[in-house]
Each structure stands twice: as structure tokens, then as C-alpha cells.
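Observations on the three-dimensional arrangement
Given next are the chains, with one letter for each unit.
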Amino acid sequence: MADEVVLLDLWSSMFGMRVRVALAEKGVEYEYKEQDLRNKGPLLLEMNPIHKKIPVLIHNGKPICESLIIVQYIDEVWHHKAPLLPSDPYQRAQARFWADYVDKKVYPPGRKIWATKGDEQEEAKKEFIEILKVLEGELGEKPYFGGESFGFVDISFVTFSCWFHVYETFGNFSIEKECPKLMAWVKRCQERESVSKSLPDEKKLLEFVYYLMKIFGIE
Amino acid sequence: MEDELVLLDFWTSPFGRRVRIALAEKGIKYEATEEELFEQKSPLLLQMNPVHKKIPVLIHNGKPVCESLNIVQYIDEVWNHKSPLLPSDPYQRSQARFWADYVDNKLFMALRKTMRWKDGEEQEAGKKELIESLKVLEGELGDELYFNGESFGFVDLALVPLASWFYSLETCTGFGIEGECPKILSWTKRCMEKESVAKSLPDPRKIYDYLLERKKKYGF
């Protein structure tokens, strides 16, 4: 019996993109359903009544919520191909730790870089760069966070890379200058079809942010 | 070769308690340290958790694992021959992770807010959120014995350390678990019948005394 896989998502969400990348890595076919978060549809509200957020993966009618939980689920169900988490428990614990770090730390200052000004923006920029440097340190000389192969931590973080252009434009800084090794890793990931096909164009994201600022009345 | 396990902890932390319960469930021997959280942090803690500098940290044969739910999953995977904490089915497992994440991000966040004595408004908001999230959890528990179904598991373990805070919550904020969420209270009592839980949780009165001491010393 064929699997029925549906993804409730928002094209610009770096969290939704993680799921797209994971599904692409596993070669899983799915139906993509774009959600309107200002006018949430009945399917989203039914499938994620607790948080009412995207992404939601619906597998044969059953919902899974929270992007990193979804990616782990995908890895466990479609385990015959492209393992995303290491098989060793200690390595797995390290992968979860770093994905959790990305989850907690990267988004808030990133958002403040474009959504705020003045001192608040400067603080956010400093914090953001610090966090990127910590991640760069963790990457070290490895081709991927997962070591020789692309994996869980790479997926959790690479989806922010399409937003770098937005952060750099508003924050007036260069991520390449601050973290050259990290940018090399981004380019390496973008060579993977699962990544290049799942992430939107960075210029489109910048346009989208200008549009958001207009509708939210941010200067 | 014998395993060497050290838990860097602080006795009031509900997150440290999760790890203790998991270790007790698996019958694993370990050494626990009492870390200094508000004064100078120990060199061992800073070395083992340089990123967050927080407890709990489980050091297994010299290698650190951080973040309580991450540690519990690690324990479950390494000592997989006994007392499984997570379900074996991937879908059930994703649900367990979802609810443990809910406990972390909604419930314990709300608990922190209720402990902000200085800010009455924030404390009230925290209390409301705490009640709301407990009611959601009550709905999720339904008529099951445990969140994990027939047996104690990951979500039960994630939530049960809250039990040590019931007395403080009632005395300090007037929040009575019996009145607000009776199902959660009966679930707590059921969990406390387990030796691994009863042995691992601190005395609620001691938590209260500690909070009063902190209030006197630091004003919150």
C-alpha cells in the first residue's frame, strides 16, 4: 500500500524547510500544502491543535509536529536510505544536542536583526555572530556537522542559510567574513539536490521581509 | 569493564531528577555531585558543558551528555535491555517526544514564571499558563494509567518532577493541584508508587524551605 504523505508548511519557514530536505534525502514523495498563517485552515487546526503551527507532517492521516521531531520520525520510518542520525548512541546524543542548540539559539537574534533597529539590532547582530562562531567551532575541519556525511545537525541549520542574505542586508555585515568555514559548509550543502531544491531563493526572501515590514508597519 | 557514570546535578532541579529516575529505572549505579549554580561554577561543569554551563550533565566514561531529555534518550538507548522508556514504534515515539517537548517548553516555562515573586503580574500569568498546560496534559492522559499507556515512560518521567513543587505552588500562589487538575494528582500518586520515582524526588517541604531561603537571600 502506498504511503500517503502530506506536508503543511510555509514556503519561507526555515523549520518547514528542514522537513522538505529530510523527505528529499529519503526520496519520499509527498503532497505540499502551503498554509496561510494569518488565516489558519481547518486541516492545520485539526492536525496541530496544541501549537497551531507549521510544519506538520501527515503520514497516512496521522500528524507529527515540531520540525526536529518530524525529521527524526522520517529517519526512523524510512531507515533503509540516507541515515540522518548516527547509529552510535553517543554520537546521536551529540547530534540532538547541537540540533537543539540551533533550534533555541539561532532564530531569535536572527529575527531581531531585520525586525528591530538601533541598540536592539546591534545586540542581536553581536549575539547572532557569536552563535555562528560557536557552530563554526563545532564544525571544525569536518565536511559536515555529521562528519563525512550530511545529517541531522546539517539539516537543522542549513535551512537558515537562505535567510543569511536578509540578515546581512539588514545588519550590514558579511557572514562570509565573520565565519568563512561556515560559508564553505553552506556551499557544500547547497550542492546537494535535497537542499538546493528545498530552499527558496534568498532574494525572494528579502523581498518577502520588505513586504512583511510594510504590513506590520515596521520602518 | 565497568561503566563510570557521574551526574552533575543540583538537588532542586526537576531536570536533574528526570535523569535520576531514568538511571533508577534501569538499575544503573552512578555518582552524583552537587553543583554550585549561583556562585562560581565548578571547572568540571564548565569543562563538561561549555556551551550552556548548566546541569544536569551525565558523564559516561569521561564523555559528557547534556540536556535532560537528551540524556534520558541516551540512557534508554545504551541500557536498552531493561525498562524501555520510549516506545518502539516510530509514530508513538514521535508523540512521546512531542509531549515531552510540550512539558519542557510550556509547563516548566510557566512554572518558572510562577516563581517570580517580585513580579505579581508575571506570577499570575505564569499560574494561568501552568493550569492551562496541566489541563491540556490531563486531556492527553485521558483514562490511561500513564502517558506511556500501561507502563511508565518518557513523558511520565519528563513531567513527574513537578510533583515536588506542588506544596510550594499551593503555599506561595494558592494553586491547588487537587482542585484544578485531579487527574494529574492521581497520576502523580501512581508514579510515586514506583520506587525509581519515590527514591529520586526531593521532599516537597525541603523545596519550599529552599525557595524561602532564596527569597530572603536574593529577593526572589
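The text that follows walks through the structure, step by step, so that each part is easy to find. (Residues numbered from 1 in each chain as written. Chains lettered and ligands numbered in written order. Predicted model: local features only at pLDDT ≥ 70, side-chain atom pairs only at ≥ 80, totals over all residues. Heavy atoms only, no water.)

**Some words on the overall build of chain A**
Of regular secondary structure, chain A possesses 12 helices and 4 strands. Whereas a compact globule of 219 residues would reach a radius of gyration of roughly 17 Å, chain A reaches 17 Å, a difference of no more than 12%. In terms of overall dimensions, chain A has a C-alpha envelope of 55 × 45 × 30 Å along the principal axes. Here chain A holds 219 residues, and 53% of them are scored as buried. Side chains of chain A give 30 positive and 35 negative charges; the mean places of these two sets differ by 2 Å. (Helix = DSSP H or I, 4+ residues; strand = E, 2+ residues; numbered from the N terminus. Rg over C-alpha atoms; globule rule 2.2 N^0.38 Å. Buried < 20%, exposed > 50% of the residue type's maximum accessible area, 1.4 Å probe, protein only. Lys, Arg positive; Asp, Glu negative; His and termini not counted. Charge placed at Lys NZ, Arg CZ, Asp CG, Glu CD.)

**Here's the deal with helix H1 (residues 14-25) of chain B**
All names here are of chain B. Helix length check: H1 (12 residues) gives 16 Å between terminal C-alpha atoms against 16 Å at 1.5 Å per residue, within 8%. Along H1, 11 of the 12 residues are buried, which leaves the element largely enclosed by surrounding structure. Taken as a whole, H1 has its buried residues at Pro14, Phe15, Gly16, Arg17, Arg18, Val19, Arg20, Ile21, Ala22, Leu23 and Glu25. Sitting at the amino-terminal end of H1 is Ser13, which places a side-chain oxygen 3.1 Å from the backbone nitrogen of Phe15. (Expected span 1.5 Å × (residues − 1). Polar contact = N/O pair within 3.5 Å; in protein donor to acceptor, adjacent residues only side chain to side chain.)

**Here's the deal with the environment of A:Leu85**
All names here are of chain A. With respect to the secondary-structure elements, Leu85 resides in the loop between helix H3 (67-77) and helix H4 (89-105). Judged by its relative accessible area of 12%, Leu85 falls in the buried class. With 67 residues separating them in the primary sequence, Leu85 and Phe152 have C-alpha atoms 5.6 Å apart.

**A look at the side chain of B:Arg17**
Residues and elements named next belong to chain B. Mapped onto the fold, Arg17 is located in helix H1. The charged side chain of Arg17 is buried without a salt bridge, its nearest counter-charge being Asp9 at 4.9 Å. Sequence-distant contacts of Arg17, defined by excluding residues within four places in its chain, comprise Trp11, Pro161, Ser200, Leu201 and Pro202. (Salt bridge = Lys/Arg side-chain N within 4 Å of Asp/Glu carboxyl O. Contact = heavy atoms within 4.5 Å.)

**Brief notes about the packing of helix H7 (residues 166-173) of chain B against helix H11 (residues 204-218) of chain B**
Residues and elements named next belong to chain B. Put simply, H7 and H11 touch, their axes get as near as 7 Å, and they point 50° apart. Taken together, the axes of H7 and H11 lie oblique to each other. Contacts between H7 and H11 involve Tyr167, Ser168, Thr171 and Cys172 on the former and, on the latter, Pro204, Arg205, Ile207, Tyr208 and Leu211. Here the residues of the contact of H7 with H11 are counted per class, giving 6 nonpolar, 2 polar and 1 charged. (Axes fitted to C-alpha atoms, helices over the stretch in contact; angles between N-to-C directions. Parallel < 35°, antiparallel > 145°, perpendicular 65-115°, else oblique. Nonpolar A, V, L, I, M, F, W, Y, C, P; charged D, E, K, R; others polar.)

**Some points on the layout of surface pockets**
The rolling of a water-molecule-sized probe over the atoms marks out the regions of remaining empty space. By volume, the second largest pocket is sized at about 410 Å³. Of all the secondary structure elements, the ones that give two or more residues to the lining of the second largest pocket are H3 and H4 of chain A together with helix H3 (68-78) and helix H4 (90-114) of chain B. For the lining of the second largest pocket, the class distribution of residues is 5 nonpolar, 5 polar and 9 charged. (1 Å grid on protein atoms, 1.4 Å probe; cavity = no way out; pocket = protein on both sides within 12 Å on 5 of 7 lines; lining within 4 Å. Points joined across faces, edges and corners; volume = space filled by probe spheres on them.)

**Digging into the interface of chain B and chain A**
Between chain B and chain A, the contact holds 25 residues from the first and 24 residues from the second. Here chain B meets chain A over a buried area of about 2200 Å², counting both sides, of which 63% is carbon and sulfur. When the buried area of chain B at its contact with chain A is split by residue, B:Tyr91, B:Arg97 and B:Phe98 rank highest and sum to 27% of it. Ionic pairing is found between A:Arg96 and B:Glu77, a salt bridge with its closest N-O pair at 3.1 Å. Viewed at the interface, chain A and chain B are joined by 10 residue pairs in polar contact (both at pLDDT 80 or more). (Buried area = accessible area lost by both parts, 1.4 Å probe.)

**Here we look at the state of the cysteines**
Residue and element names in this part refer to chain B. Applying the stated criterion across every chain yields a total of 0 disulfides over all chains. Here Cys191 is not disulfide-linked; the sulfur of Cys181 is the nearest cysteine sulfur, at 15 Å. Judged by relative accessible area, Cys191 falls into the buried class, the value being 0%. (Disulfide = S-S within 2.5 Å.)

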